[in-house]
Amino acid sequence: MSTRRNFIRDASMLSLLATGIPMRASAALAPPANTKKNAADARIITLNGRSLDYRMNAEVKEFHLIAEPVEHEFAPGTVAKCWGYNGTTPGPTIEVTEGERIRLFVTNNLNEHTTMHWHGALLPCGMDGIGGVTQPHIQPGETWVYEWTVRQHGTLMYHPHADEMTQMAFGMMGLFIVHPKQPTTPKVDRDYAFLLHNWAMHPGTYRPDPSVMVDFDLWTFNSKTFPAIDYLYASSGDRVRIRVGNLSMWNHPIHLHGHQFYVTGSDGGRYPQAIWRPEVTEIVGVGQMRDIEFDAVPGDWAFHCHMAHHTMGPMSHNFPNMVGVQQRDLVERIRQVVPGYWTHGENGMAEHAQHIVGGHHRNSGPANTMPMMDGMGPYGPIEMGGMFTIVKVRDDWDGKSNPGWFNHLPGEQAYKLE
Ligand SMILES: [Cu+2]
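Since this is a predicted model, take the numbers as computed values, not measurements.

**As for the overall build of the protein**
Then, number 1: The helix and strand inventory of the protein stands at 5 helices and 24 strands.
Then, number 2: With 418 residues in all, the protein has 40% of them scored as buried.
Then, number 3: Here the contacts in the protein between residues at least 6 apart in sequence split such that 73% fall between residues at least 24 apart.

Dropping the structure here:
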């Protein structure tokens with residue numbers, strides 16, 4: 001029996017036989033425009049990012065991702081030549097709902113081939129995007145189409161499966177969130193999401209080094225380092241979910257102050273409540289996704305990776321340990337030979353932050369290199385960098401703007417013994 005479906009399958013088989021490459025030419029199959037617009041009905045708050053716009057084509061939800069070079073600022077002081085999607089790294093977040101038929105156009109505007117892998121998605125094998133295995137690579141200038149019916153929910157990701165070491169080191173990745181068809185309880189009021197990544201942005205350089213395996217310089221939430229990472233806001237009592245995916249080369253123990261959160265989900269969707277576990281730190285392993293949830297408690301709560309070096313900016317890894325080494329009387333003598341010579345670290349590294357607050361490192365360090373620690377709070381330097389931000393919860397939050405620093409109630413703040 002000749003159905004339209006069989007005809008299309010036969011036609012694409014013919015093109016596959018002729019060229020070795022599956023093809024379907026059709027005027028009806030054109031990528032949707034306006035891909036840099038924000039999806040109007042987005043439910044996910046992507047830190048420092050946005051959700052990808054889509055178009056309904058009959059019953060099919062269509063998206064268009066464009067792989068391309070992007071000029072990216074990690075934080076004031078460091079910009080780099082990265083690769084991403086639709087103008088950013090990470091690319092925009094894709095939001096779909098369980099049960100939908102989806103069609104994803106992927107255009108390659110890079111100078112080397114790529115593919116797109118839908119990390120965690122349950123799909124026909126031929127849609128898995130593994131270069132050389134499930135399809136030929138997407139050559140520069142080509143657009144390829146992936147489509148399937150979504151039959152799961154959870155926090156997924158997307159990234160290339162072609163020259164992965166380089167393409168991911170340059171920032172090619174994004175979030176792929178599938179909402180459940182039937183709403184689950186308790187209802188989530190604020191749904192945040194971000195990806196963990198590491199970058200070998202050596203001081204004084206402008207392009208991440210893809211050959212580095214362990215000694216990274218920058219540690220990012222959605223390709224941003226503190227103090228450029230968005231804060232997470234909530235009203236007191238809000239149910240907050242934070243979805244974290246890890247496409248870096250390290251495992252990251254993600255730690256929230258002031259709350260016992262529950263680990264409630266992953267790529268496997270929102271878990272049954274019987275297996276939720278209370279934690280204050282959850283390791284998000286490489287290639288894993290984890291959802292945490294909590295009822296927001298008022299305050300300015302630190303939220304960060306607990307690997308101490310992952311909350312620092314770039315530093316030299318082969319510098320001698322100067323703590324406890326008396327240097328002060330040397331400095332003046334060295335300055336006679338090396339004008340402007342400056343040292344730190346005799347009593348620890350905190351004085352580094354004082355130098356930064358004093359403006360020292362902003363224009364005297366290596367070019368295009370942010371300070372190792374940064375940020376100023378109401379009581380002094382925050383001395384952080386990398387994977388650090390703040391969850392700001394207020395009784396009277398206005399729902400949109402930064403409420404400033406937290407006003408502690410009398411008797412509810414540490415005090416100095418006089
Ligand atoms: Cu970490």
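**A few points about the pairing of strand 6 (residues 101-108)**
Then, number 1: Most of strand 6 is tucked away, with 6 of its 8 residues classed as buried.
Then, number 2: Pairing geometry for strand 3 (residues 60-75) and strand 6, over 8 bridges, is parallel. Across the sheet, Val60 pairs through a bridge with Arg101, a residue of strand 6.
Then, number 3: In this structure, strand 6 lies alongside strand 8 (residues 143-149), joined through 7 bridges in antiparallel fashion. Paired with Ile102 across the two strands is Trp148, which belongs to strand 8.

**Re the sheet that holds strand 15 (residues 252-256)**
Then, number 1: Here we have 5 strands laid out as an open sheet, ordered 13-24-21-15-19, and mixed in their pairing. Each of the sheet's edge strands pairs with one partner strand only, and the pair in question is strand 13 (232-235) and strand 19 (281-284). Each strand of the sheet is rotated relative to its neighbour by a mean of 20 degrees, with strand direction disregarded.
Then, number 2: Sheet topology note: the strand 15/strand 19 ladder contains 4 bridges and is antiparallel. Bridge assignment links Pro253 to a residue of strand 19, and that residue is Ile283.

**A look at the pairing of strand 16 (residues 261-266)**
Then, number 1: Judged by how many residues are buried, strand 16 sits mostly within the fold: 5 of 6 residues are covered.
Then, number 2: As judged from the 3 bridges shared by strand 16 and strand 18 (residues 277-279), these two strands associate in the antiparallel manner. If you follow Tyr262 over to strand 18, its bridge partner there is Pro278.
Then, number 3: Across 3 bridges, strand 16 lies against strand 20 (residues 289-295) in antiparallel orientation. Across the sheet, residue Tyr262 finds its bridge partner in strand 20, namely Glu293.
Then, number 4: Pairing geometry for strand 16 and strand 17 (residues 269-270), over 2 bridges, is antiparallel. Residue pairing across strands places Gly265 opposite Arg270, the latter belonging to strand 17.
Then, number 5: Hairpin remark: strand 16 followed by strand 17, antiparallel, with 2 residues in the connecting loop.

**Focus: the sheet that holds strand 7 (residues 117-119)**
Then, number 1: The 4 strands lie next to each other as 5-10-9-7, forming an open sheet whose pairing is mixed. Edge positions in the open sheet fall to strand 5 (94-97) and strand 7, since each of these has one partner strand only. On average, each strand axis in the sheet is inclined to that of its neighbour by 25 degrees, with strand direction left out of account.

**With respect to unusual backbone geometry**
The general pattern is negative phi for most residues beyond glycine and trans for most peptide bonds.
Then, number 1: For the bond running from Thr89 to Pro90, omega is -10 degrees, close enough to zero to count as cis.
Then, number 2: Tracing the backbone through its elements, the reader meets Pro90 in the loop between strand 4 (78-85) and strand 5.
Then, number 3: Each neighbour pair has its own omega, and for Thr185 with Pro186 the value is -10 degrees, a cis peptide bond.
Then, number 4: In this structure, Pro186 sits in the loop between strand 10 (174-179) and strand 11 (190-199).
Then, number 5: A positive phi angle, near 40 degrees, is found at Asp163, a position not held by glycine.
Then, number 6: Looking at the element boundaries, Asp163 is found in the loop between strand 9 (154-159) and helix 2 (164-169).
Then, number 7: With a phi close to 50 degrees, Asn222 is a non-glycine residue in the positive phi region.
Then, number 8: Relative to the helices and strands, Asn222 resides in the loop between strand 12 (218-221) and strand 13.

About the cut-offs
- Residues numbered from 1 in each chain as written.
- Predicted model: local features only at pLDDT ≥ 70, side-chain atom pairs only at ≥ 80, totals over all residues.
- Helix = DSSP H or I, 4+ residues; strand = E, 2+ residues; numbered from the N terminus.
- Buried ≥ 20, exposed ≤ 12 C-beta atoms within 10 Å, placed from the backbone.
- Contact = placed C-beta atoms within 7 Å.
- Pairing = 2+ DSSP bridges.
- Axes fitted to C-alpha atoms, helices over the stretch in contact; angles between N-to-C directions.

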